[in-house]
Structures are given as structure tokens and as C-alpha cells.
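# Structural description and commentary
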There are 2 protein chains.
Amino acid sequence: MKVDVAILNGQVFNSFTKRFEKKHVSIIGDKFYYISPDEFERLEVQEVVDATNQYIVPGLIDIHMHIESSMTSPAIFSGAALAHGVTTVVADAHEIANVCGMEGLEAFFSQPSVMDIFYAIPSSVPSTTPELETTGGYIGVEEVKQLLQHPKVIALGEAMNFNGIVNEPDSLIRQIIRAVQKERPFMPLEAHIPRVSSLDLAKFLYAGLTADHTHQTPESIYEKITNGMFLELQKKSITPENIRVIVENNFYEYVAFVTDDVMADDLLDGHLNALVQLAISCGMPAEQALYCTTYTPARRMGFQDRGAIVSGFKADFLLLNDVESVEIAAVYKDGKLIHERGNEIQYPDEKPHFPRHFYESVQCRALTAKDLRIQVKASEKAIVNVIQIAQVGTFTEHVQREVAVVDGYLDWENSGLALIVVMERYGKTGDIAYGFVENALVEKGAVATTWAHDHHNVMVMGTCAEDILVAQKQLVDMQGGYVVTQDGNVRAVCPLPVGGIISDAPIQELGAQLKEVRQAMVALGYRNSNEIMSFSTLSLPVSPVIKITDKGMMNVRSQMMIPLVEGERN
Amino acid sequence: MKVDVAILNGQVFNSFTKRFEKKHVSIIGDKFYYISPDEFERLEVQEVVDATNQYIVPGLIDIHMHIESSMTSPAIFSGAALAHGVTTVVADAHEIANVCGMEGLEAFFSQPSVMDIFYAIPSSVPSTTPELETTGGYIGVEEVKQLLQHPKVIALGEAMNFNGIVNEPDSLIRQIIRAVQKERPFMPLEAHIPRVSSLDLAKFLYAGLTADHTHQTPESIYEKITNGMFLELQKKSITPENIRVIVENNFYEYVAFVTDDVMADDLLDGHLNALVQLAISCGMPAEQALYCTTYTPARRMGFQDRGAIVSGFKADFLLLNDVESVEIAAVYKDGKLIHERGNEIQYPDEKPHFPRHFYESVQCRALTAKDLRIQVKASEKAIVNVIQIAQVGTFTEHVQREVAVVDGYLDWENSGLALIVVMERYGKTGDIAYGFVENALVEKGAVATTWAHDHHNVMVMGTCAEDILVAQKQLVDMQGGYVVTQDGNVRAVCPLPVGGIISDAPIQELGAQLKEVRQAMVALGYRNSNEIMSFSTLSLPVSPVIKITDKGMMNVRSQMMIPLVEGERN
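What you are looking at is a predicted structure, and each value in this text was computed from that prediction instead of being measured.

Turning our attention to the overall build of chain A. The helix and strand inventory of chain A stands at 15 helices and 28 strands. If you line up chain A on its principal axes, its C-alpha atoms span 90 × 50 × 40 Å. Within chain A, the fraction of its 570 residues that count as buried is 66%. Once local pairs closer than 6 in sequence are excluded, the contacts in chain A between residues at least 24 apart make up 68%. Accessible area of chain A: about 19,700 Å², with a carbon and sulfur share of 47%.

See below:
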């Protein structure tokens, strides 16, 4: 028998004993053929790789992630993440779906990539309802049924409409879940369940949702796992306290690590490999951390052909120089060497190809000075509702503040608050909504983006009208992206011309632009562990507790609109 | 919120902590709703069950079994096995497929049952090839593609053609596997891999097969699991030595218990529940034994809605009086009480309904005295090839014996061997094949059956021509089943009129008939731990090492035919 490649003398990770064992690995075509402690005497080997002093582990598998979070195309993402050892992802392309609907998803499905990219159906497009936010695309029951036919679609992505799931048996999300259960009863159904416990948690499970990837605490991990949830732990959930719960209770089988969102600049430094390393540094045995990034995610998704180094599985694997630090020496996909440590990362030669009109998606008029003068009934002072941001994470608090009224208008530029404006940009309603934000900007300036989860309308926030206007104009002119202005000038831009959310630049260029945007935001006094994520989720009406869409500010749990000025309808 | 049933104060099995916890369980409709340590103060309960001093465990799930092995219909099987706590099975109906083909499978799929019966595609019908055995049905690639469309079909059943899998890349079984991988890549592919190891095992895995349910040893368990096989352990594999390997290596996640075959008379005494008990008595912690009969089999099959007591899962559960002995007090299916200890088992009122011609499936002429006179070229003595049966298990050995020749004919009636005759019975070729069997019958008499795995032709074995003729005639007259004759008289019968393999009698009657057949076989001197299984698998050409079909005796591994008389073609 002829084998194509033999990797000899390496320490091979056995997913079942959770040990490294000195073995020889042979490959025919794109699959592992025979893994044996003995030399391959009966086999004729074409190519031999000596892996003495190296560790052979399965390719990493990320089952909850959004390619658009890296603001790049599937092909470019594939190149970058493969170099970090990620060989399979299950992407929930709900950002492109919010902007371009089914056409956006189909455009993603058809992008070429070396990595295997499977898809979860974006189950919440829009994240709430068309009454609460305007989006370019809409995924209803019929669209879901159509997507279920696609061979790359293998899961239902994060269901996140809390009210729809818990309180409304006939909500769109409940209808979607039932449609999937009927047509593909063996498909995993994923949810987004932040801060939900006891009876409410039971209601998520009762609806059929069996996985969660939101921020966990030791208590939530214990409660969710022992009640039947599979947990997908992202970076913010990988803490020593959380890892301890998993280790002490031997919960490895019910846990996987996932990236969820990775910014373009972070993607240059690492991806899922960084989370393995983090989990180890938080106290998880290295073998278990690898298991939870290869075997358990594959099994959760029902893959029959990957997640371990065994005969018949896809020959997706990494050679590591060191296990604890997860230092990757080489990455193999489908039995082929894709990347070696120290070499340039391979990207596709051509720019990603998307339909022409994806590049003309920001249909929004220019903001005017008049738009920013907010008339109120109150005479001297008005009580306004305010989104208070935190220095860590994306959750917000709802507070009220007094703002002086001058000549019947809010004197917001001197209030210490930032004004935030969201403009519908799909050419549908032309609505404009207003809010205030506390703890955002200290200096005079503005930030504007179309990368505003999940509806991706035009969102601009500033402490000064002029900077807001300049930022908004620049954003529309470049058909989306990120803009920071100060003193009436543009300080940093990151163009995202594809649907207003995706760059078509090389990833290094994109990363550099994003870094400049961050620095410009910091210069304005923005203080958050992830400035861009913090700002870009002020628009996400499923993330606690107060957010803003093109319809206005709202309480996320109750989905009640919150007026800008207390006691006045606006 | 109104809940239908609340089971209060029981010790609930938590599949994730592997502990019993005092909790209250509530049910809405057919699903668990909320499981809580607190009283259901916020819920309005319709019906309360007090489970104080009882243990609540998930319904048992059997993912590798053949309903026909109990010689009964799905509806009757469902009634009997439910009483033993089995709430879901994945049946491989390859016996009815061998007899009636696609029509047989469709007839099974459409039978009503209280239990959830899913199906694995019979992947080896015939078990070898039409050249080596004649069957009534044939499952080829096109039939498999058609079966993949059926919602009850969730796996590929045991692929068992060793040569086809290991040595012939374009064999039918390899084509079937590829078709399933292409059309349903997330479907589990099951195999039948007795005594296969190292490179041959790798070839099974390389072909895509990832589970095995055959007889295991401590060595085979360790080798198969650490090479990526999921193991389904049937009764003969549940031994203290085997259980020790699983316990010491913490292999629980890669193991499930399955029944494979349960005879009708045994079914009255127990089913999968007996295997849980056996595993516990062999040293497996009770919680892990329950886990491997509920959670791991459900996950292996990709079920999203069963295998644990968690919100949203099917309310299939048992109340146990005692865990170690698995004493079942009550069985609930879909939230409804189905059976209580001490009560009569509920069976359907009507006889099973099958197409009329299923009752006219034995198309075979009467055997004559002339058929049993075997002419040979040798003059005084002939060397004959013999199937030597063992006292335990179904494997055989190939031996050669001398038989006297009288007037040019074998004097087999005085040879100490039994003559075995297999007659094609589907009206296709009318072939008759002959063999000899050692260690089978001591007394003068005969045994005949159409329940001859897997081709189910007419098979009759005897030490006396007259008894053979009487048995064969009786078998054809009653359109299949089991017959034992002695001294020219019928001693016991078990009619199986549906396709020659299934009874339509109540299970108690069937069980009693089968017991009589066993006793009559024992009276003839048949010595085996399971007389019926031993005889009925003499015809199975994938079970080592020498077996007989309507084409003749053959070496199972090489698939080479073996002549009756050494040196003579017959």
C-alpha cells in the first residue's frame, strides 16, 4: 500500500487516553491512514517528515465565531487563522446577513478557502424585531428552510431574543427553532444566554436550545452544564475561577473553547491557539485544553471526520515545538503543509469577490447641524436617559442625568455626556434616533461607524457637533467603516466598503488601520478593554442592559423604548 | 405557567455530575420542563407523583439492535421492551431486508409503536454478495440513497463485509459508505469488526466506519477506543475484565451498552436493563453504567432531545426502587406512565399488519430422500469438510473428517456428523447446498429453520434422513419458523409466518414455543450457550470461520468456497 506522507517519531496526541504517545502517522490523500507505534514496514511511503521532539495535535476547531468580527473576507480570514492552527470553523455570518440578507450569506458560502468553513444559520436577523431595529436583511422561517438545504449549513446559530424565546411561544425565533427541529432534528441549536438562570434557563432549554457561548461565571458554568447546556467558552470566560469549576467537576466533555469575535488586529497575533494557551495558564491540563479545542467541539457539531488523530479522519494537524505554550511549528490541512513557523502567511492572490452593490450599501443622507439641535419642552434643565458604559466588557447601565436647557435646546456639548445618533442607512425609513452616553469620550471629538452590531446602521457619537458632522460625512463618503474625528479633522479611518462591515484590504493593512482607530479613540478618552467592541455594541439590543438602534434607546430585557428626555416622547 | 406532571422528592440522576440529586421534575407535554431543588411555587401543577425513596433515571437507549432477533413485530417488541425501561432504539432491520428488501423495511418503518424506533440502514444485504448467498432482498447504492430520505433513518447499520471493506475499494459496501458520506456526512457509520486489529482496523476506520459492537476482549477494547472507535458492548462483551479496562482508563465517553440480539423468550425476562445490571455487577459504578445506556448512546447517534433528564428533552424516564439492581418501579414515555411494576405489560390490541405476500415467502420444493443420498467418487472412505461448532458463542472451526462410502454414497447417517442442507427459498435458483457439522446433534433427529442469518433460506440439519425430510416439510408447510423432529415425528415448532422470520403471536406464546424448540434441541444433544443462535448462525457467512449458504460451505475470511468432499467439486 502506498501512503503519501509519513510523520515519524513525533509525540502524537491521543484524544482518548489524553496522553501524548510516540507514534508514526501516515496519510493517504486528505485523511489519516494508519497511526502506529511500529515502523511502517508494510507501507511504501512517498514523503517522510521527521517530527522528533515535536508534538502532533489535531487541527483546532472553532464552533462559534463570526468571520465578520475580523472585518475581513472568508479567504483572507482562512489564511490568517490557519497559520494559528485553526483548520475548521463553524461561522455564524449574521453580520453580513443583517446587511445583505440571503444574498450576503450566499456570497459568504461561495467564497473559496483552504480552511473548512461551515456555517450556522443566523437565527436572529434582526437580533430583535423589525419594529425595534431596521436591517438590510431579514431571516425568517422561509429563509431558514432554504438555508437548511445548503450542505455547508450544520447548526442553528445563536438564538438571542430573550423575550421571544422565554415569553412568546409564537415569536419568530420560536418558529425558526421549530422549523429546524422538524426539518433537521439532529442539528445542534445554539443560543446566546447572558445572565440567565433557573426557570428562565429552563425555558431556553425547553425551547430546544442546548449551547451557550456568552460570558460565564463559576456559578453559571456549574448551573448551565448540570442542566444540560454545552458551554462554548470565549476569552472573557477563560479565567482561573471558571477553569477551576471545569477541572474540579470533570466537565471537559461539555465544554469547548471558541473565539466568537476576534478583531482584525488581534487576528495577526493569534486566534483559537491563544485560548488554548490561556486555558492552560488558568490551570487546565494542556491535554484537556487541546481536547476541548478539537474533540469536544467536533462532537458537539456532529462531525464524523475530524477532531482527533485517528485513521479515516481528515489529516488536519499541527506540529508543536512545545505543548504548554502551544508553539506551532507547522500546520497541515487535508494532509498538506500549509504554514511553517517563521514563514510568511499565505493569502489568496486576488481580492475577495462580492457583488458590485455590496460596495454601495450605505444609503444615508448627510447629517446637518440642525439634526443635532435637540429641542425640549423643559425650560432650564432636562432629565435625560443615558447609556453608561463600563471599562470592561460590553454591558451597560441605565442612568439619568441633568442637562442644561438653553433657548429651548439641550446644551449637550457642555454636559459631560456624549451625544449618540443612529441613522437608518438601508434607504428604508431614514429614521434618526438619539441617545446619550456616559464614560465614553473625555475630549472634544467624535467616532462614527457602520460596524454597529447587529443592524449596522450609521452610528456616530461625539462631544462636539462639528466633529460629529465631519465623522458622519466621511463615513458615508467611504461607504462604511470606522472614523474618528477631533478638532474638526479626521484622525483615523478604517474603510469597510463591503456592506459597510468588511474590508477588502490585505489583513496587515486592515490591522494597521484598526490600530490607528483604537489609538484615536483612546486619545479622545475612550476607556474600555476593547474600545471598538465597546462602541460597536452600543447598538446591540440584545446585550444588557440599555442600547440604541435607529428606533431609539431601549431596555434590552423588557424591549421597551426609552425616551431621550425623561417625560417627553421623542 | 401550567405544568402537566410534577414528580416530587425523587433522587434525580444528573448525567453531568454523575450523581443522584434530590430534585423535583416537571413536565409539559412530552418534554421535561423544569428540574429544580426548590418547590414549584411559580408553577400550577396538574398531576403530582411522589417519588420519595425512588430514583429517577432517563429512559434507556439501545443504539444497536435487531427487532427481528426477538422474532416479533415492532409493536409487540415495543410493549415488551418498554416494560424493561427501553424508551428509544435504533434498529437495524437487516433480517426483514434480507427477506423482503425495501418493502420489508418500509413495512417496519410504518409499524406503530409507543417506543421511539429509529432505524439504521442495513448496509450488508446480502451480508456478502449475491454470488455467495441468495437473498429475497438487495440493498444497493440506489436503495441506500432512497432510505437516506426517510426521517426515521439516522445511521448506517453494521457494515460487515471484511473483504469488501478492507481489500476492495470499489466493493458495494465501500460504494454505500461513500454515498452516505456524500449525502449525509453527519450520519454515524457503524461496523461489525470481530477480531480485527492493527492495520486492518485502520482500514475499517479509513473507510469511515467508527463504531463496533462485536465481541470484545480487554485488548480489543483498548486498541479500538484509543484508535477512535466508539464501542457498543453487548452482553458477551460485558465481563469483569472488559469493564475494568473501561473503568481504569475512564473510557465511559466512548462506550455504550447495546443488546444486538435478544431472543423472544429472553425478552420476557429483560432487555437493556439487564445489561446495566450486568455492567454494575462486573464492577462499573452504577452512575456510569446508566450514563452509558442513556447519555453516550444518545450522543453517538446525534440525538438532540434525549439521553438525560434536562429541560427540553423528551420526558422518557424510569422510577427505580433500587439503583444497583436496576429495579424498575415505573416507566414513563413522552411524559406518560406506560408501565408499573407488577402490572400486565400493555400490548397493541391488533395483530401486526404486513402485506399478504409476506405470509407466503417460503417458495421451496419438498426435499426428497434422493436429495439426501450423496454420491462420491471415492470408493471406501472420503475426506469431508466439516463445520465444528463450539459450546459457547457462534464462531466455528474448520475440520476434516473421514466418512465411510457405501455403494458410492456417503454413509453420513453413521458418521457421527450431522448433515446440513441449505435450500434457496425465494423462487430464484432452487439451489441446494450441503455441509457437515460436528458437535451438533448426538441423537437421531433434525432441526430446520428459515430463521437462518442473514439470507434466511431453508436450513435443515439432521443425523437421520427421515427426520430431515419431516422437518423440512413441516417448515415449508407452516411458511417458516423453527422445527425439531425426532423418530420421524415433529417434537417442537415455532411458526414465524411473516417472511419466515417473524411471529404474529402474542409474545408469551412465542416465548413458550421457542422454549420448547430449545428443549427439543437439547434433547437431541445440541450443546451451546444459545442453541438457537448457534444453529441459526451456521448460515452467516461473515461470522468466523466456516459457514454455509445456499451456495455451499465457505471460508468466511477468504470467501472461498469449500467443497463437501475434499478433492471433489460438488
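Text resumes after the structure shown.
As a further point, take the packing of helix H7 (residues 218–226) of chain A against helix H8 (residues 240–249) of chain A. Residue and element names in this part refer to chain A. The interhelical angle for the contact between H7 and H8, taken along N-to-C directions, is 35°, at an axis separation of 8 Å. For the element pair H7 and H8, the recorded crossing hand is right-handed. Of H8, the residues touching H7 (which contributes Pro218, Ile221 and Tyr222) are Glu241, Asn242, Val245, Ile246 and Asn249.

This next bit is on the pattern of salt bridges. All names here are of chain A. Within this structure, the stated rule accounts for 50 salt bridges over all chains. As a salt-bridge pair, aspartate 212 and lysine 224 come within 2.7 Å of each other at their nearest N and O atoms. Separated by twelve residues along the polypeptide, aspartate 212 in strand S11 (residues 211–212) and lysine 224 in helix H7 bring together distant segments of the chain. Of the two residues, aspartate 212 and lysine 224, neither departs from the other in class, the shared state being buried. One salt bridge in this structure joins arginine 299 and glutamate 253, with 2.6 Å as the shortest N-O distance. Of this pair, arginine 299 sits in helix H12 (residues 295–301) while glutamate 253 sits in the loop between H8 and strand S13 (255–257); the two residues are 46 residues apart in sequence, bridging distant segments of the chain. One exposure class covers both arginine 299 and glutamate 253, and it is buried. Each of Asp30, Asp116, Asp305, Arg306, Lys314, Asp316, Lys333 and Asp334 takes part in one network of salt bridges that share partners.

Residues and elements named next belong to chain A. Mapped onto the secondary structure, isoleucine 76 falls in helix H1 (residues 74–83). Owing to a relative accessible area of 8%, isoleucine 76 belongs among the buried residues under this scheme. Along the chain, isoleucine 76 and glutamate 568 lie 492 residues apart, while their C-alpha atoms are 48 Å from each other. Once you skip the residues sitting within four places of it in the chain, isoleucine 76 turns out to touch Tyr347, Pro348, Pro352, Ala505 and Ile507.

What follows concerns the relation of the copies chain A and chain B. For the pair chain A and chain B, the relating rotation is 180°, the translation along its axis is 0.0 Å, and the fit reaches an RMSD of 0.1 Å. Taken together, the rotation angle and the small translation identify this as a two-fold axis. Considering only C-alpha atoms, the part of chain A nearest the rotation axis is glycine 302 of chain A, at 3.2 Å. The residues that chain A uses at the interface reappear at the interface of chain B in 100% of cases, marking a shared surface.

Now for the interface of chain A and chain B. Of the residues lining the interface, 50 residues belong to chain A; the matching set on chain B comes to 50 residues. For the chain A and chain B pair, buried surface summed over both sides reaches about 3,900 Å², with 56% attributable to carbon and sulfur atoms. Counting across the chain A and chain B interface gives zero salt bridges. The interface formed by chain A and chain B contains 16 residue pairs in polar contact (both at pLDDT 80 or more). Where the side of chain A that touches chain B is concerned, the elements lending two or more residues are strand S2 (19–28), strand S3 (31–36), helix H6 (198–206), H7 and H12 of chain A. Considering each element in turn, the side of chain A that touches chain B owes the most residues, six residues, to H6 of chain A. Residues belonging to the side of chain A that touches chain B are distributed by class as follows: 28 nonpolar, 13 polar and nine charged.

Right, let's talk about the packing of aromatic side chains for a bit. Scanning the entire structure with this criterion turns up 38 aromatic pairs over all chains. Ring plane angle 45° and centroid distance 5.6 Å describe the contact between phenylalanine 32 of chain B and phenylalanine 317 of chain B, whose orientation is recorded as tilted. In this pair, phenylalanine 32 of chain B sits in strand S3 (residues 31–36) while phenylalanine 317 of chain B sits in strand S14 (residues 317–322), placing the two residues 285 residues apart along the sequence. In terms of burial, phenylalanine 32 of chain B and phenylalanine 317 of chain B fall into one category: buried. An aromatic cluster of three or more residues is present, and its members are Phe16, Tyr291 and Tyr295 of chain A together with Tyr222, Phe251 and Tyr254 of chain B. Its end group placed over the ring of tyrosine 206 of chain B, lysine 31 of chain A keeps NZ or CZ at 4.4 Å from the ring centre. Between the NZ or CZ atom of arginine 373 of chain A and the centre of the ring of tyrosine 409 of chain A, over which it lies, the distance is 4.0 Å.

Now for the environment of isoleucine 383 of chain A. Summarising the element assignment, isoleucine 383 of chain A is placed in strand S17 (residues 381–389). Here the alpha-carbon distance between isoleucine 383 of chain A and glutamate 568 of chain A, two residues 185 residues apart in the chain, equals 9.7 Å.

Let's shift gears to the pairing of strand S1 (residues 2–14) of chain A. All names here are of chain A. Both S1 and strand S4 (residues 44–50) contribute to a ladder of six bridges, which runs parallel. Its bridge partner lying in S4, valine 5 is registered against glutamate 47. The sheet contact formed by S1 and S2 spans eight bridges and is antiparallel. Counterpart to alanine 6 in the pairing with S2 is serine 26. Counting the residues in the hairpin turn of S1 and S2 gives four residues, including lysine 18, whose phi is positive at 55°.

The subject of this paragraph is the sheet that holds strand S12 (residues 230–233) of chain B. All names here are of chain B. Here we have eight strands laid out as an open sheet, ordered S6-S7-S8-S9-S10-S11-S12-S13, and parallel in their pairing. Of all strands in the sheet, those with a lone pairing partner are strand S6 (60–65) and strand S13 (255–257), marking the two edges. Where strand S10 (residues 189–191) lies against strand S11 (residues 211–212), two bridges are found, and the strand directions are parallel. Counted as the bridge partner of glutamate 190 is alanine 211 from S11. Sitting on the sheet, helix H5 (residues 172–183) touches strand S9 (153–159) and S10, and the angle it makes with S9 is about 155°.

Another point: the sheet that holds strand S27 (residues 552–555) of chain A. Residues and elements named next belong to chain A. As summarised here, the arrangement of the three strands in space is S26-S27-S28, forming an open sheet in which the pairing is antiparallel. Because the sheet does not close on itself, it has two edges, and the strands there are strand S26 (546–549) and strand S28 (561–562). With four bridges connecting them, S26 and S27 associate as antiparallel partners. Within S27, the residue paired with isoleucine 546 across the bridge is asparagine 555.

Residues and elements named next belong to chain A. As judged from the nine bridges shared by S17 and strand S18 (residues 396–406), these two strands associate in the antiparallel manner. Along S18, the bridge assignment pairs asparagine 385 with glutamine 400. If you look at the hairpin formed by S17 and S18, you'll find six residues sitting between the two strands, and glycine 393 has a positive phi there, around 80°. Bridge count between S18 and strand S19 (residues 409–410): two bridges; the pairing is antiparallel. Paired with valine 405 across the bridge in S19 is leucine 410. Connecting S18 to the next strand, S19, in antiparallel fashion are two residues, including aspartate 407 with a positive phi near 55°.

What follows concerns the confidence of the model for chain A. Averaged over all residues, the pLDDT of chain A is 96; the fraction at 70 or higher stands at 100%. Confidence estimates for the predicted assembly give a pTM of 0.94 and an ipTM of 0.93.

Backbone torsion omega between proline 544 of chain A and valine 545 of chain A reads -5°, so that peptide bond is classified as cis. Position of valine 545 of chain A among the secondary structure elements: in the loop between helix H15 (531–536) and S26. One non-glycine residue with positive phi stands out, namely asparagine 9 of chain B, at about 70°. We classify asparagine 9 of chain B as partly exposed; its relative accessible area is 22%. Of note in this structure, serine 198 of chain B is not a glycine but carries a positive phi near 45°. Relative to the helices and strands, serine 198 of chain B resides in helix H6 (residues 198–206).

On to helix H7 (residues 218–226) of chain B, then. Among all positions of H7 of chain B, only Ser220, Ile221, Lys224, Ile225 and Thr226 of chain B are buried. Residues of H7 of chain B that are buried sit in contact with S1 of chain A together with H6, S11, S12, helix H8 (240–249) and S13 of chain B. The first or second residue beyond H7 of chain B is glycine 228 of chain B, which carries a positive phi of 105°.

Moving on to the nonpolar core. As a rule of thumb, nonpolar side chains are buried together in soluble globular proteins. Leu410 of chain A together with Leu410 of chain B are the most contacted members of the largest nonpolar core, which totals 375 residues. Setting aside chain neighbours within four positions, we find leucine 410 of chain A in contact with Ile374, Val376, Ala382, Val384, Val403, Ala404, Val405, Phe436, Leu564 and Val565 of chain A.

Analysis parameters
- Residues numbered from 1 in each chain as written.
- Chains lettered and ligands numbered in written order.
- Predicted model: local features only at pLDDT ≥ 70, side-chain atom pairs only at ≥ 80, totals over all residues.
- Heavy atoms only, no water.
- Helix = DSSP H or I, 4+ residues; strand = E, 2+ residues; numbered from the N terminus.
- Buried < 20%, exposed > 50% of the residue type's maximum accessible area, 1.4 Å probe, protein only.
- Contact = heavy atoms within 4.5 Å.
- Areas by Shrake-Rupley, 256 points an atom, 1.4 Å probe, with all protein chains shown as cover.
- Axes fitted to C-alpha atoms, helices over the stretch in contact; angles between N-to-C directions.
- Left-handed = near helix turned anticlockwise from the far one by under 90°.
- Salt bridge = Lys/Arg side-chain N within 4 Å of Asp/Glu carboxyl O.
- Least-squares fit on C-alpha atoms with pLDDT ≥ 70 in both.
- Buried area = accessible area lost by both parts, 1.4 Å probe.
- Polar contact = N/O pair within 3.5 Å; in protein donor to acceptor, adjacent residues only side chain to side chain.
- Nonpolar A, V, L, I, M, F, W, Y, C, P; charged D, E, K, R; others polar.
- Phe/Tyr/Trp six-rings, centres within 6.5 Å; stacked < 30°, edge-to-face > 60°.
- Lys NZ or Arg CZ within 6 Å of the ring centre and 35° of its normal.
- Pairing = 2+ DSSP bridges.
- pLDDT = per-residue confidence, 0-100.
- Core = buried A, V, L, I, M, F, W, Y, C linked by side-chain atoms within 4.5 Å.

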